[in-house]
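# Chain and residue survey
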Amino acid sequence: MLRKMLIAAGLVALVAAMPGPALSQFYKGKTVTMIINYPAGGPTDIEGRIIAHHLAAHIPGKPTVIVKNMGGAGGMIGSNFLGEIAKPDGETFGFFTWNPVAELLGDPGMRVRFSDFALLAGVENPVVVYMRKDTAPGIHIATDIMKTKEIKALSLDSHNTNTIHQALSLDTLGLKFRAITGYRGLKEVETAILQNEGQLANSSLPGWRASIEPTMAKQGIVIPLWQVAPPGKSGNYPRSAVVPELPTFEEFYGSVNGGKKPTGVAYEAMRSAIDAQTAMFRTFFMPPKANKEAISTMRAAIVALWKDKAFIADYSKAVKSDPVLVSGEDGEVIMSGLAKVKPEIKTFLRDYGTRLVKR
Amino acid sequence: MLESAVAGLIAAVQWPAVGYLFLGIALGIYFGAVPGLSGLTGMAILLPFTFGMDPVSAFSFLLGMYAVTTTSDSITAILIGVPAGAAAQATVLDGYPMAKRGEAARAFGAAFTCSAIGGVLGGLFMGLSIPIVQPLVLSFAKPEFFMLGLLGLTMVGSLSGRSVLKGLTVAGLGLLLSQIGYAEQIAIPRYWMNSIYLLDGLPLVPVVLGLFSLPELVALAVSNRSISDVPREKISGGSGIWLGVKDCFIHWWLLLRSAVIGMYIGILPALGPTIADWVAYGHAVQSAKDKSQFGKGDVRGVIAPETANNSVKGGDLVPTVAFGIPGSAGMAILLGAFLIQGLTPGPEMLTTKLHITFSMMWTLIFANIIGAVLLMAWTNQLQKIIFVPANLILPGITFFVLIGAWTAGNNIGDWITLLVFGVIGLVMKKAGWPRAPLILGFILGRIMENSLHISMAAYGMSWIFRPICIGIAIAIVVTLAYAIRSHMRMKADKTTVDVTDADAGNDRLSLGFAVAVCLVLAYAIVASFAWPPTVRLFPLAFSIPAIILAAFAVFVDWRSIRLVGAGAVAGVAGTPTTFGLGGLSQEWRRTFYFFGWLLGVIAVTVLLGQHVALPLFIALYLMVWGKYRWPLALGYAAAGLVLLVVLFDYMSPTTWYPAILLP
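These figures come from a predicted structure and were not determined experimentally. (Residues numbered from 1 in each chain as written. Chains lettered and ligands numbered in written order. Predicted model: local features only at pLDDT ≥ 70, side-chain atom pairs only at ≥ 80, totals over all residues.)

## Focus on the overall build of chain A
Along chain A, the regular secondary structure elements total 14 helices and 11 strands. Dimensions of chain A along its principal axes, counting C-alpha atoms only, are 90 × 40 × 35 Å. Expressed as a percentage of its 359 residues, the buried residues of chain A come to 53%. Restricting to contacts in chain A with at least 6 residues of sequence separation, those with at least 24 account for 77%. (Helix = DSSP H or I, 4+ residues; strand = E, 2+ residues; numbered from the N terminus. Buried ≥ 20, exposed ≤ 12 C-beta atoms within 10 Å, placed from the backbone. Contact = placed C-beta atoms within 7 Å.)

Structure representation (structure tokens):
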């Protein structure tokens, strides 16, 4: 009996003395910095800070997580910092709103491509296209847009994903419109719609749920037209689970074109530009060649975070919908899709933004 | 409504909200007073702490902090000529000369009193106007913004002092500087010199610190006198404060007008305290009968911006709460608090949650009064700093100027910008060129270009005929006519010549500067032809008139030098100074030497980081330049290091330069 107890005690001591699994030690006593590539107070920042607030509890070793905003140049100041200056030691990661069009077409300011970063995870987010109801001859239901003679479609700068997909979807529908570009943020676009500077615009789902829906849709000023849903597993575009009440662009197209599916270069280019964005509206990245142990630890921590009810409650309160996580592995597949976009579509997209401003 | 106002008052004074209000005020004084931090930084840092709070406590905490930052940011602006935040920039123009005259206490008395009154009026305006303000906010779209920008530019006349020609030329230069970085309509970078740092444009804070603060630092270093030209024995602190308080009531009409300017700028989306500050200052100069003391320590130059930069916050809250449209950058962060609280700005805040809206009004009112009273009590202690010998205080001021510039973007480019604009500011000061119009052009440039581009795209030319645009156009014509008339009078009456921040300067230096501006504008025009028409339209639209004006300035300076040379108008044009270009005077040598020290700080930072460079600068400067003994130098440097760690590592984590030689 005594011998058994001694063996058991010895085993316990041995287990206690053994180093724990490597993962649990990696972040112990460390400070992890989360770089947010937009200024404090914006939607990216708010979501990032809620994540930072809850994330440490899910990282083995419970490191301190601090947030640093590095806004500017359309998010590229922060992404360049993560790519060029931050050490790949796993102690710095980025929570970014990225720009797939910049990744696709290149940008003079982009020093490190998003595909060179280590992708940890992404957050899915459909886009909602909405319109003023008092647009002539009157928009009572979404399909009334087909009766309009000319509309002014408001958006960010002419080469931004936000502008490109909106204009291409209107071209796919064969609608006459003027693209009014150059707004500095979606809040500015929202204000301009309220001021009737233009009639149509689009927003991320949090923007729609938290602001446009309560202040404009419920007041009868605007009406949602369609959602641009993320791609489904089988290559089609099912309604997003977080906004099941809205038809997808493909459904809307079918409803005004006798059930046909959208085709053509404009549609193909639109989907090339927007698919990666809706599939991963926000992204978690580590610097290129980041420590592998850190990558797997952080990927697991983010997955665990999404199972934390307290976090989901806080996050949902801010974005007014349940956030859908895309794992790092699935995200890599989405990212690799950008590399497969045909050269002629890239050329089309490159010219499209410039032509849009002129017409 | 009255019921909700009372309910809001009760909610605001209940525990724990009132506790958070006091905590917020204390933190706000701190965030406002330390150069490099600001209400914006405070908002960003404190926001996560509101996660677990009830809505009234959360807004008491955040707004209590935010309300007083523009009261305490005048401390360094007045005492050492360094605006602690962007909203205190115009206060420097007259506040610092008052301190130099030994009137820091009076400047404080005026600044704190009118800040409090402005803040209270702003709070009342917010509470009373929210239900009725919708048409006002919604009627100001992009065309009206462009016209407002134009109206703002007409203030160049009042900020130009003796030479409207030079004022207009530097306003053109300011507009050009605002064009650096991505164009507003197509993502084509302009004038970026292949530097990522410049892609997002030049940051405002290092530009202002360089233009206004570095030249003052150089003057202090070169002279080694205390900030105050008047000895301490001749100054009475207590009565000074009351003099300042009385000034606010003597100039009550200006105070009221400045408060209205602040509120009005506040309710316009995205225009915040920085613009209110300058516009109110410009208005004070423009509307004054006797302009002779502006730039030399006229208390009206403190009252106007300090009133407006507090009243603007009540205005800012209006579109934020009523429509979810942030009135300024700080309000954009406050919108985050709404989201965290699960509240929706808009109709809900005006109906079911009206008491929360009113609790914000009360918070603004209480915070402004309490903040001002607390600061007033410290005035006597604060003003002692202006009597300390320059070489003892200078390392501390330089430390804050460098940190203030660094926190703009945590980039070594911010320091280079600071130094470049320091040199430009020094040359402009010595050459007698006004600096304020440059900042005005710089601030307004982007807003005007963006608004013009969208106006043309959305409305064609028909925007010109929108009623408010016509109204502003009339205001512009009236302002210009008034400015021309008063300029003519000024020329006729030599005794009331307005010098604002410009003064009679060295003509040869002035000529050199005019030539440099011509060359820069010529480069800007040539470079713009590489871009599509929409991208080059705006830079060309002002660069061409600006280069004509600059060429005219070259001619005027050349003629002036020639006339002086011929002895024709000796004693009128050109001021003989020790800053002659022929042979380096001791003053110039010391100036170069000082800039050498600053370059040294940058070099050591690149090699060893700021935690070594800044304390090392403090210690070496005191021992080498100030001839102080090593125990003092060491203690001072250690204090600098502690400040760096406590304020900027611990309390508001800052990204430092990744030193090459350190792991």
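So much for the structure itself; the text now carries on.
## Points about the overall build of chain B
Regarding its fold elements, chain B presents 29 helices and 2 strands. Looking at chain B residue by residue over its 663 residues, the buried ones come to 59%. Across chain B, the fraction of contacts at a sequence separation of at least 24, relative to all contacts at a separation of at least 6, is 79%.

## Overview of the domain arrangement of chain B
Residues and elements named next belong to chain B. Assigned domains within chain B: domain 1 (2–385 + 394–503) and domain 2 (586–651). Of note, the centres of domain 1 and domain 2, computed from C-alpha atoms alone, are 30 Å apart. The interface of domain 1 with domain 2 comprises 12 residues on the first partner and 18 residues on the second. Elements supplying a minimum of two residues to the side of domain 1 that touches domain 2: helix H13 (204–223), helix H21 (390–406) and helix H22 (412–431). Split by residue class, the side of domain 1 that touches domain 2 holds 12 nonpolar, no polar and no charged. (Domains from an automatic or database assignment. Nonpolar A, V, L, I, M, F, W, Y, C, P; charged D, E, K, R; others polar.)

## A few points about the packing of helix H6 (residues 89–100) of chain B against helix H16 (residues 273–287) of chain B
All names here are of chain B. Where H6 contacts H16, the axes come no closer than 7 Å and their chain directions differ by 40 degrees. Between H6 and H16, the interaxial angle falls into the category oblique. Here Gln 89, Ala 90 and Leu 93 of H6 lie close against H16, whose contacting residues are Asp 277, Trp 278 and Tyr 281. Looking at the contact of H6 with H16, its residues break down into 4 nonpolar, 1 polar and 1 charged. (Axes fitted to C-alpha atoms, helices over the stretch in contact; angles between N-to-C directions. Parallel < 35°, antiparallel > 145°, perpendicular 65-115°, else oblique.)

## Considering the domain arrangement of chain A
Residues and elements named next belong to chain A. Domains assigned within chain A are domain 1 (20–124 + 281–322) and domain 2 (127–277 + 344–358). Domain 1 puts 12 residues into the contact, and the matching count from domain 2 is 18 residues. Top element by residues in the side of domain 1 that touches domain 2 is helix H5 (residues 100–105). It accounts for 4 residues. Taken together, the residues of the side of domain 1 that touches domain 2 sort by class into 7 nonpolar, 2 polar and 3 charged.

## Brief notes about the nonpolar core
One finds A:Leu120, A:Ala153, A:Phe285, B:Met43, B:Leu62, B:Ile78 and B:Leu440 to be the most contacted residues of the largest nonpolar core, which totals 326 residues. Setting aside its immediate chain neighbours within four residues, B:Leu62 contacts B:Gly24, B:Met43, B:Leu46, B:Thr50, B:Leu334 and B:Ala337. (Core = buried A, V, L, I, M, F, W, Y, C linked by C-beta atoms within 7 Å.)

## Some remarks on the interface of chain B and chain A
At the junction of the two partners, chain B supplies 42 residues and chain A supplies 44 residues. Mapped by element, the contributors of at least two residues to the side of chain B that touches chain A are helix H3 (39–46), helix H12 (196–199), helix H18 (329–340), helix H19 (347–350) and helix H23 (436–459) of chain B. Residues of the side of chain B that touches chain A, tallied by class, amount to 28 nonpolar, 10 polar and 4 charged.

## Section: the pairing of strand S2 (residues 64–69) of chain A
All names here are of chain A. Of the two faces of S2, the one lined by Val 65, Val 67 and Asn 69 is fully buried and the one lined by Thr 64, Ile 66 and Lys 68 carries no buried residue. Pairing between strand S1 (residues 31–36) and S2: 6 bridges, direction parallel. What sits directly across from Val 32, in S2, is Val 65. (Pairing = 2+ DSSP bridges.)

## A word on unusual backbone geometry
A cis amide bond, omega 5 degrees, links A:Ala136 with the succeeding residue A:Pro137. Note that A:Pro137 resides in the loop between strand S5 (127–132) and strand S6 (151–154). Note the cis peptide between B:Trp15 and B:Pro16, where omega equals 5 degrees. Within the fold, B:Pro16 resides in the loop between helix H1 (2–13) and helix H2 (17–33). One non-glycine residue, A:Lys62, adopts positive backbone phi at about 40 degrees. Positive phi values are uncommon outside glycine, yet B:Asn194 reaches one of about 55 degrees. Position of B:Asn194 among the secondary structure elements: in the loop between strand S2 (189–190) and H12. According to the C-beta neighbour criterion, B:Asn194 is exposed, with 8 such atoms within 10 Å.

## Here we look at the pairing of strand S10 (residues 282–286) of chain A
Every regular strand shows the same layout, with side chains that alternate between the two sheet faces. Residue and element names in this part refer to chain A. For S10, the buried fraction is high: 5 of the 5 residues fall into the buried class. On S10, burial covers both faces: Arg 282, Phe 284 and Met 286 on one face and Thr 283 and Phe 285 on the other are all buried. Sheet analysis places strand S4 (residues 118–124) next to S10, joined by 5 bridges and oriented antiparallel. When the sheet's bridge partners are listed, Leu 119 is paired in S10 with Phe 285.

## What to know about H2(B)
Residue and element names in this part refer to chain B. For H2, built from 17 residues, the straight-helix expectation of 24 Å at 1.5 Å per residue is met to within 8% by its first-to-last C-alpha distance of 24 Å. Looking only at H2, the buried set comprises Ala 17, Tyr 20, Leu 21, Gly 24, Ile 25, Leu 27, Gly 28, Ile 29, Phe 31, Gly 32 and Ala 33. In this structure, the buried side of H2 is in contact with H1, H3, helix H4 (55–72), helix H5 (74–79) and helix H20 (354–382). (Expected span 1.5 Å × (residues − 1).)

## Some words on the sheet that holds S1(A)
All names here are of chain A. One open sheet accounts for 6 strands, arranged S2-S1-S3-S10-S4-S11; its pairing is mixed. Looking at which strands have only one partner, the edges of the open sheet turn out to be S2 and strand S11 (324–327). Mean inter-strand twist for the sheet, computed between neighbouring axes without regard to direction, equals 20 degrees. Strand direction decides the pairing type here: S4 and S11, joined by 4 bridges, are antiparallel. Along S11, the bridge assignment pairs Gly 122 with Val 326. Strands S1, S2, strand S3 (92–97) and S10 of the sheet are contacted by helix H3 (residues 43–55), whose axis makes an angle of about 170 degrees with S2.

## Some words on H23(B)
Residue and element names in this part refer to chain B. The end-to-end C-alpha separation of H23 is 33 Å, in line with the 34 Å expected for 24 residues at 1.5 Å each. For H23, the principal kink sits at Leu 444 and spans about 35 degrees. Burial analysis of H23 places 21 of its 24 residues in the buried class, which makes it a mostly covered element. Among the residues trailing H23, Gly 460 stands out with phi positive, at a value near 65 degrees. (Bend = angle between axes of the 7 residues up to and from the residue.)

## Some words on the packing of helix H15 (residues 252–267) of chain B against H16(B)
Residue and element names in this part refer to chain B. Contact geometry of H15 with H16 gives a least axis separation of 9 Å together with a crossing angle of 145 degrees. Crossing handedness for the pair H15 and H16: right-handed. Taken together, the residues of H16 that come into contact with H15 (itself represented by Leu 254, Arg 257, Ser 258, Ile 261, Gly 262, Ile 265 and Gly 266) are Ile 275, Ala 276, Val 279, Ala 280, His 283 and Ala 284. Of the residues contributing to the contact of H15 with H16, the split by class is 8 nonpolar, 4 polar and 1 charged. (Left-handed = near helix turned anticlockwise from the far one by under 90°.)

## Section: the environment of A:Thr64
All names here are of chain A. For Thr 64, the location among the structural elements is in strand S2. As a C-alpha pair, Thr 64 and Gly 353 span 289 residues in sequence and 43 Å in three-dimensional space. Filtering out sequence-adjacent residues up to four positions away, Thr 64 remains in contact with Thr 31 and Ala 56.

## Regarding the environment of A:Tyr38
Residue and element names in this part refer to chain A. Tracing the chain through its elements places Tyr 38 in the loop between S1 and H3. Each C-alpha atom of the pair Tyr 38 and Leu 325 lies 21 Å from the other, and the pair is 287 residues apart in sequence. When near neighbours in sequence (up to four residues on either side) are disregarded, Tyr 38 contacts Thr 44, Asp 45, Gly 71, Gly 75 and Thr 97.

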